[in-house]
Amino acid sequence: MPPEAPVAGLIRALDDSPEASLDAGAAPISDRPIQFSHIRACTNCVRAKAKCSFGVDSRAKCERCHRMNKICQPSPPMRKRRVMRSSSEKEASKLEQKLDGLVTLLTSATQSVPAIMNATAMPTQAGTSGPLHYDIDDSFTAVGSTSSQRRSDDRRVSNVERFPEPRYTSATSSASETTLVNVQQPTLPPALQPSPEDAELYLNRFRTQFIKHLPFLVLAPSVTSHQLRQDRPILWACIMATASTNSTQQIALSREVRAIFGRETFVEGTRNMDLLLGLLVFSVWDQRHSSDKPIYLSLSQISIAVLYELGLDKPPSNDPALILLYDLKGMKKPSRLSRSPISEERRALLGCFMMSSLSSSFLRKGESLRWTAYSNECLRVLETQKETASDMLLVQLVKLRLISEKLIDAPWSGAVTHGDQSVRPPAMFYLKSLESQIQDFKSKIPNELADNKILLMDLHDTELRIHEVGLSQSPGIFSEQDNGRLECLYACLNAAKGWVEVFLSIPPAQYVGFSTPIYVSLIHWFVSVYRLSTFEHPGWDRGFVRDNLGLSSVLETTERNFMEVKEAASLDLNGSEDMDIFSIMASKTRVIKMWWEATTMSTLSSIGEVPGGVMDDLPMDFLDDNWLRDVMGQWNE
C-alpha cells in the first residue's frame, strides 16, 4: 500500500459514498473542513517536533508536508513500557537487617518478660510457693505520655504503672487469688543498697520479729529478698529501711524511702498494692518518721487515698449500667469491675483502718478510714477462712480498735459539743455498753491467742481508755450518791497494772519489732498513771496508786530493757555514727523517771505543779519531741 493510502483512501470513500451524491443541496466534499483530530501526527512532523495539521487544500498531506512537498505518512503508534526497577542489593540488605532486628526484639520480649514475671514470687497463701503468672495489659498507659517522658534506668525510682487502676491476674495457687506486679523497680542509691546477704537477713528479721506485732501482711518463708525486690520494689525498700541493723544506714534508708513516696505518689501518680503496703509498713515500724520531722498523719491519709483509688474499700462493682458504658465506648473494663477480692487486699484494708484510727482516735488528728459493710465482710472472711494464724490476731486487734473508735462519740469526749448533750443518752449508758462489749470480747478470744502478749496489751489499753472517764471533770457524768467514779478509777488502775505487767514480761530482744501502736500505748500508759496519781477526789487514795504501780521501779526497768536491746538484738555490730532508736527511748524514759521522782518527793500545793528547777534539768530535745507532744497533748490542753 502506498504511503498516502490511509488518508487518500478515506477521502475517496467519502467522495464515492451514495449518501453524499444524493444530497444535492449539500456543499461539495472538497469545500468542507476535514476533521483529522483522531489521526496521529505524521512522521516528518514528529521528527521536527512541529505541529501537524491538515488544511482544506492539503487533502492527503498535512500542511507542512504539502508545503515542503514531502511524503506524509502517519507515525506508527508508540507505547512506552513501564520499566520495573529491580531493588538493588543495598536496599535488600537494609530490609533484611530491619527484619532481623524485629525478630530479635520479638524474641527477647517473649523470653525476658516471662523470665521476670514467672519467677517464683510471693504466694498468696501461707505455705504456697508456686510461681506467679502475670498478664501485662497495654491499655493501662498514661494519657498523653510519650517516649521522651519515660524515665531512664539510672533513676532511683521507676514504675511502669501510671494509670490509677491495679492490674490483676490469676496466680498459680490452689486458691484463686490474684496479685499485682511492677515490671520495673525503684532502686536505692548504690551506697545505700544492702548486700544480698544483708538483704536476706533484714527480710527474715522483718518476717519473724516485726509482722507478728501487727500482721496485716503475710510473707511466706519461701519468698527471698531478690524475689520480693522484683515483685514489690517499694515494699522491699521499706522493709530494708525498717529492719536494718545499722543505725546510720537505717536513717539514710528512711530518708530515701520518704523520697520514693514523694516521687511515686505525687510526681508519677503511682497507685498499686506495692505502694499501699509500703506506706503501711513504713508508718507502722519506722520510728524515724516519728521523731525526725513527723509525717505519720500524712502517711495514714495517703494510705487511705491510695486504698480508695485502687477500689479496695468496696467490693467489685456489678452495676450493669457501668459495664455497658465501657462496652459502648469500646474500652476495656477496669480490673475493679472484674476482680475477685483476695486476702492480701482484705488485710491491707484492715491495716489501713488500724493505722488511720490511731491518728484520729488517739492523736486526735485526721480522719480514720470509714468502716463500712464491706469492711465488716473482709473481717468476717478472714476470721472464718483462717488462712494463717496471724489472721486471727489481726481480726482480734481490729475488733478492739472498733470498740476504741466508739469512744469518739462518748459524751465525755472532747468531740461532743455541749449542745448535743440534751438529745444524747446519759454517759453511764455508753460506759455500760462499752464494758459489756469488752466482756463479750474477752469471752470469745480464741484459745491460741489467750496468752498472746500483743493482744493482751491492746486489751488492757482499751480498758484503760474506756475507764478513763473516771478522770473526767465534765459535770453530769457521775452522781455524788453512787460510787461509779471510784469504780471507774479502780478499773483504770487495774488496766494500767495489767498492761505494764505484760509489757515488762517481753524480753528486750523482741523490742526491735515494736510497732507504732505499742509506743503510743506506752506513752498513754505513763500519762494515765500520772493522772491517777495526781487526781483529787474524796475517797481516792493517791498513795495507794503509787504503792501498787511502783512507777519509779517500772520506769527504771523500762530504761534498762531499752538499753539492752542493742546488744540483745545484735544492732550496730560494725559500729555506727548515729544513735539507735532504742537508746533514744532509754534516754527519754530516764528523763521521765527523773521528772516523776522530783514530782513525788515534793509537797505539792496544787495538783500537777512541778517543783521549781525540775523542768530546767530536762533535756530540751525531749521536750521538743513532736511525736511525744502529739501523744500527750490531748491531756495537757
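It should be noted that the structure appears before, not after, this text.
Here we summarise the structure given alongside this text. None of the values given here were measured: they were computed from a predicted structure.

Core analysis: the largest hydrophobic core is formed by 87 residues, its most contacted members being Phe206, Phe216, Ile239, Phe261, Val281 and Trp412. No other element matches helix H10 (residues 273-285), which puts ten residues into this core. Both of domain 1 (185-388) and domain 2 (425-636) provide at least three residues apiece to this core. Setting aside chain neighbours within four positions, we find Ile239 in contact with Tyr202, Leu203, Phe206, Leu219, Leu228 and Val281. Core analysis: the second largest hydrophobic core is formed by 45 residues, Trp499, Ile506, Phe562 and Phe582 among them.

The next subject is the packing of aromatic side chains. Considering all chains together, one arrives at 17 aromatic pairs under this definition. The interplanar angle of 20° and the centroid separation of 6.5 Å between the aromatic rings of Tyr519 and Phe562 together place this pair among those described as stacked. Of this pair, Tyr519 sits in helix H20 (residues 516-534) while Phe562 sits in helix H22 (residues 551-568), placing them 43 residues apart in sequence. Its relative accessible area of 3% is what places Tyr519 among the buried residues. Given the relative accessible area of 1%, Phe562 is considered buried. Summarising the aromatic geometry, the rings of Tyr530 and Trp596 are spaced 6.3 Å apart at their centres and angled 75° between planes, so their arrangement reads as edge-to-face. With a gap of 66 residues between them, Tyr530 in helix H20 and Trp596 in helix H23 (residues 581-600) connect regions that are remote in the sequence. The structure contains a cluster of three or more aromatic residues connected by ring pairs, namely Trp499, Phe503, Tyr511, Phe514, Tyr519, Trp525 and Phe562.

Glancing now at the side chain of Ser515. Mapped onto the elements, Ser515 comes out in the loop between helix H19 (484-504) and H20. Note on Ser515: relative accessible area 2%, which makes it buried. Leave out the neighbours within four places in its chain, and Ser515 touches His213, Val284, Trp285 and Gln287.

The rules behind these values
- Residues numbered from 1 in each chain as written.
- Predicted model: local features only at pLDDT ≥ 70, side-chain atom pairs only at ≥ 80, totals over all residues.
- Heavy atoms only, no water.
- Core = buried A, V, L, I, M, F, W, Y, C linked by side-chain atoms within 4.5 Å.
- Buried < 20%, exposed > 50% of the residue type's maximum accessible area, 1.4 Å probe, protein only.
- Helix = DSSP H or I, 4+ residues; strand = E, 2+ residues; numbered from the N terminus.
- Domains from an automatic or database assignment.
- Contact = heavy atoms within 4.5 Å.
- Phe/Tyr/Trp six-rings, centres within 6.5 Å; stacked < 30°, edge-to-face > 60°.

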